[in-house]
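Here is how the chains run, residue by residue.
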Amino acid sequence: MDPDPTAIDDYIQANRGTYTDEAIRDNLVSAGHDPLAVEAALRRTGPGTAWNPEPQPAATGGLMAEAWILFIACGLIGLAGFAMASSFSTGGSFPFFLIAYIGIGLAIILLVRWAVSKVGIRGLWAGILGVALVPIFGALMFGTCVAASSIGRT
Amino acid sequence: MLPVLARFGPITIGTHDFFTMLGLLAGFVLYYRALRRDGLLGGPITLISVAAVLGGALGARLITSWEVLGDVQSAGLPLTYVLTHGPKSIIGGLAGGYLAIVLTKRALGYTLSTGDYYAAAIPLALAIGRVGCFLSELPLGTPTSLPWGMTVSPEAAAAFPRCPGCGGPMHPSMLYEIGFHLGAFALITTRGPLLPVRGDTLKAYLLAYGLFRFGIEFIRGNEVQWLGLTGPQLVLIPLVAWLLLHFIRQLRSGVYRMPRPQPAIA
């Protein structure tokens, strides 16, 4: 018997963001709740907490922080690549790499910041931007490597 | 060895590529079914899935690319050759896909952990994909005198520029890995989420795979890069450390002690 079905709903809503449906179901049933009522409540409440169509302002800061982390991480990977490349010690290529990487990278970071804050990019477009960040920085890293190494060879 | 599965006129179907695609397809079918079951299909999850594929593809090519950069450059090839013909690593694929998912979810403001929806799909995809590796890549592993050691013909070995153990029986290391993934797949599909916290079943699988793969690398036959460790082992150290740190934090936070619901009134 479940005279107060809102108790089940409240428990599900409070824990669904952290715990699996299976764990919630097991806990409720082991506390004596009707398995059918628990199942119905899980279906009724749905995965509503999953999608927030209006991201909080903090999400913008998070996106920028991740952009910076990617920028630095890709730069370090690029430097490691140069350290292993044979033309690294012949001179010329490393300063070019550094200048190109920092210059182009900062330009992209500023562009992202402008798009996020001024244009009010959010929701779907922010998602597309998030999708694009990884290949953009990957291409940036290897593009500058190729450019720098070709200058080093000539 | 079966590097080419079939030829249809000018079209050649490589064994490795075929099983990679088959594994991806099987994984996506499982992932899709799990999402549909929980009513999560929609625009945001589609974007997140696309990001996972892009990030995975890029990560697979990038994470061990440093191993061949010197060779590529000394051969006079452009560094973009690494992206188009360089080594691929499933460790990089997993790491790149994971990073892309995290970034996209943050950008979308998508707060629900979806890791567990991949928890059965990834081991199945990897088990199928490794069949392609087993049929088309050498060396199979380091030399062994164990009764299940496998040999390859000299003609097959000659097709590979580097195959140190091909003169005798080798560990079938890909088969060991297939066994691990199939075991994980069976465990997750029969038991459901292994941990009560959303996303932690996937992380537990990734941690177990990371540790398993680190060990299997000792008999894989990959080139030693530094301190007696292969490239994948060096890459795995920070990834496994991050996952260990995650579980230590989870344990210390007490999140696995789930709040008790109010008892039902009879």
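Scroll up to find the structure this text is about.
None of the values given here were measured: they were computed from a predicted structure. In every chain, residue numbers begin from 1 and rise along the written sequence. Lettering of chains starts at A and numbering of ligands starts at 1, both following the order in which they are written. Selection of residues for local features in this predicted model requires a pLDDT of at least 70, selection of side-chain atom pairs for listing and counting requires 80 or more, and totals for whole chains, interfaces and linings are taken over all residues. Note that water and hydrogens are dropped before the side-chain values are worked out from all heavy atoms of the structure.

With that settled, the discussion passes to the overall build of chain B. Elements are defined by DSSP. Helices are runs of H or I of four residues or more, strands are runs of E of two residues or more, and each kind is numbered from the N terminus. Per the secondary structure count, chain B includes 10 helices and four strands. For chain B, the α and β elements follow one another from N to C terminus as β-β-α-α-α-α-α-α-α-α-α-β-β-α. This radius of gyration counts C-alpha atoms alone. The globule rule is 2.2 Å times how many residues there are, raised to the power 0.38. On C-alpha atoms alone, chain B measures out to a radius of gyration of 21 Å, which is about the 18 Å that the 2.2 N^0.38 rule sets for 266 residues. On the principal axes, the C-alpha backbone points of chain B span a range of 75 × 40 × 35 Å. Three labels apply to residues, based on accessible area from a 1.4 Å probe with only protein chains included: buried if under 20% of the type maximum, exposed if over 50%, partly exposed otherwise in between. Per-residue burial over chain B gives 49% buried out of 266 residues. Nonlocal contacts in chain B, meaning residues at least 24 apart in sequence, comprise 73% of its contacts between residues at least 6 apart. Accessible surface, chain B as shown: approximately 13,000 Å² in total, 68% of it carbon and sulfur. Counting 19 positive and 11 negative side-chain charges, chain B places the centres of these two groups 14 Å from one another. Pairs of residues are marked as contacts when any of their non-hydrogen atoms sit within 4.5 Å. Areas reported here follow the Shrake-Rupley algorithm with a probe of radius 1.4 Å; residue values treat only the protein chains shown as occluding. A positive count includes Lys and Arg, and a negative count includes Asp and Glu. His and the chain ends are not counted in either. To locate a charge, take atom NZ for lysine, CZ for arginine, CG for aspartate or CD for glutamate.

Our next topic: the overall build of chain A. Within chain A one finds six helices and zero strands. Listing each helix as α and each strand as β along chain A from the N terminus yields α-α-α-α-α-α. Counting the 154 residues in chain A, one finds 40% classified as buried. Within the structure as shown, chain A displays about 7,700 Å² of accessible surface, and the carbon and sulfur contribution to it stands at 70%.

All names here are of chain B. In this analysis, rings of Phe, Tyr and Trp, with Trp reduced to its six-membered ring, are considered paired at centre separations within 6.5 Å, and the interplanar angle assigns stacked below 30 degrees, edge-to-face beyond 60, and tilted for intermediate values. According to the stated counting rule, one finds nine aromatic pairs over all chains in the structure shown. Both rings, one in Phe180 and one in Tyr205, keep their centres 6.3 Å apart while their planes meet at 25°; by these two values the pair is stacked. Highlighted residues: Phe180 in helix α8 (residues 173-191) and Tyr205 in helix α9 (residues 200-216), separated in sequence by 25 residues. Pair check on accessibility: Phe180 and Tyr205 agree, each one buried. Members of the aromatic cluster, joined through ring pairs, are Phe180, Tyr205, Tyr209 and Phe212.

Further remarks concern the pairing of strand β1 (residues 4-8) of chain B. Residue and element names in this part refer to chain B. One bridge is not enough; two strands pair if DSSP finds at least two bridges between them. Pairing analysis gives four bridges linking β1 to strand β2 (residues 11-14), with the strands arranged antiparallel. Looking at the pairing, Arg7 lines up with Thr12 of β2. Two successive antiparallel strands, β1 and β2, enclose a turn made up of two residues, where Gly9 displays a positive phi of approximately 60°.

Attention now moves to the pattern of salt bridges. Whenever Lys or Arg places a side-chain nitrogen within 4 Å of a carboxyl oxygen from Asp or Glu, that contact is recorded as a salt bridge. Per the counting criterion, the structure on display carries nine salt bridges over all chains. In this structure, Arg44 of chain A and Asp9 of chain A form a salt bridge, with 2.7 Å as the shortest nitrogen-oxygen distance. Linking Arg44 of chain A in helix α3 (residues 35-45) with Asp9 of chain A in helix α1 (residues 5-15), this pair joins segments that are 35 residues apart in sequence. The buried category is assigned to Asp9 of chain A, whose relative accessible area is 17%. When salt bridges that share partners are traced, they join Arg130, Glu177, Arg213, Glu217 and Arg220 of chain B into one network.

On to helix α5 (residues 90-108) of chain B. All names here are of chain B. The first and last C-alpha atoms of α5 sit 27 Å apart over 19 residues, in line with the 27 Å expected at 1.5 Å per residue. Under the rule applied, a polar contact is a pair of N or O atoms within 3.5 Å (in protein, one hydrogen donor and one hydrogen acceptor; residues adjacent in sequence only if both atoms are side-chain atoms). Two or three places before Ile91, at the start of α5, stands the capping residue Ser89, its side-chain oxygen 3.1 Å from that residue's backbone nitrogen. Within two residues after α5, Gly109 carries a phi angle of roughly 70°, on the positive side. In this analysis, the expected span of each helix is defined as 1.5 Å times one less than the number of residues it contains.

Right, let's get into a nonpolar patch on the surface. For patch building, the residue pool is restricted to those with more than 30% relative accessible area and no salt bridge; the joining distance is 9 Å between like charges and 5 Å between nonpolar side chains (Val, Leu, Ile, Met, Phe, Trp, Tyr). Together, Leu2, Leu5, Phe18 and Leu22 of chain B make up a nonpolar patch on the protein surface, roughly 290 Å² of accessible area in all. Within the fold, Phe18 of chain B resides in helix α1 (residues 15-37).

Omega for the bond connecting Leu138 of chain B with Pro139 of chain B falls within 30 degrees of zero, at 0°, which places this linkage in the cis form. Turning to its location among the elements, Pro139 of chain B is positioned in the loop between α6 (121-136) and α7 (154-158).

Another aspect to go through is the nonpolar core. Here, nonpolar core means buried Ala, Val, Leu, Ile, Met, Phe, Trp, Tyr and Cys residues that are tied together by side-chain atoms lying within 4.5 Å of each other. Among the nonpolar cores identified, the biggest contains 39 residues, and Tyr31, Ile48, Tyr110, Tyr118, Ile122, Leu202 and Tyr205 of chain B are the most heavily contacted of them. Apart from the residues within four sequence positions on either side, Tyr118 of chain B is in contact with Tyr31, Ile48, Ala52, Ile101, Pro123 and Leu202 of chain B. One finds Ile12, Ala23 and Leu42 of chain A together with Met258 of chain B within the second-largest nonpolar core, a separate group that totals 13 residues.

Before going further, it helps to spend a moment on the packing of α9 of chain B against helix α10 (residues 231-253) of chain B. Residues and elements named next belong to chain B. Comment: axis = line fitted to C-alpha atoms, over the contacting stretch for helices; angle = value between 0 and 180 degrees taken between N-to-C directions. Where α9 meets α10, the closest approach of the two axes is 9 Å, and the angle between their N-to-C directions is 145°. Pair α9 / α10 crosses with left-handed handedness. Contacts between α9 and α10 involve Asp200, Lys203, Ala204, Leu206, Leu207, Gly210, Leu211, Arg213 and Phe214 from the first element and Pro232, Gln233, Leu236, Ile237, Val240, Trp242, Leu243, Leu244, His246, Phe247 and Gln250 from the second. By the definition used in this description, the sense in which the near helix is turned from the far one sets the handedness, with an anticlockwise turn below a right angle giving left-handed and a clockwise turn giving right-handed.

This brings us to the packing of α5 of chain B against α10 of chain B. How two helices pack is summed up by the angle between their axes together with the distance between the axes. Residue and element names in this part refer to chain B. Two elements in contact, α5 and α10, have axes whose closest approach is 10 Å; the angle formed by their N-to-C orientations is 35°. Considering only the axes of α5 and α10, their crossing is left-handed. Contact residues: α5 offers Ile91, Ala95 and Tyr98, while α10 offers Pro232, Val235, Leu236, Leu239 and Trp242.

On to α9 of chain B, then. Residues and elements named next belong to chain B. The first and last C-alpha atoms of α9 sit 24 Å apart over 17 residues, in line with the 24 Å expected at 1.5 Å per residue. All of the buried residues in α9 are Asp200, Thr201, Leu202, Lys203, Tyr205, Leu206, Leu207, Tyr209, Gly210, Arg213 and Ile216. Considering only its buried residues, α9 is in contact with α5, α6, α8 and α10.

Below, the discussion takes up the environment of Leu251 of chain B. In this fold, Leu251 of chain B is placed in helix α10. Expressed as a C-alpha distance, the spacing of Leu251 of chain B and Gly210 of chain B, which sit 41 residues apart in the sequence, is 20 Å.

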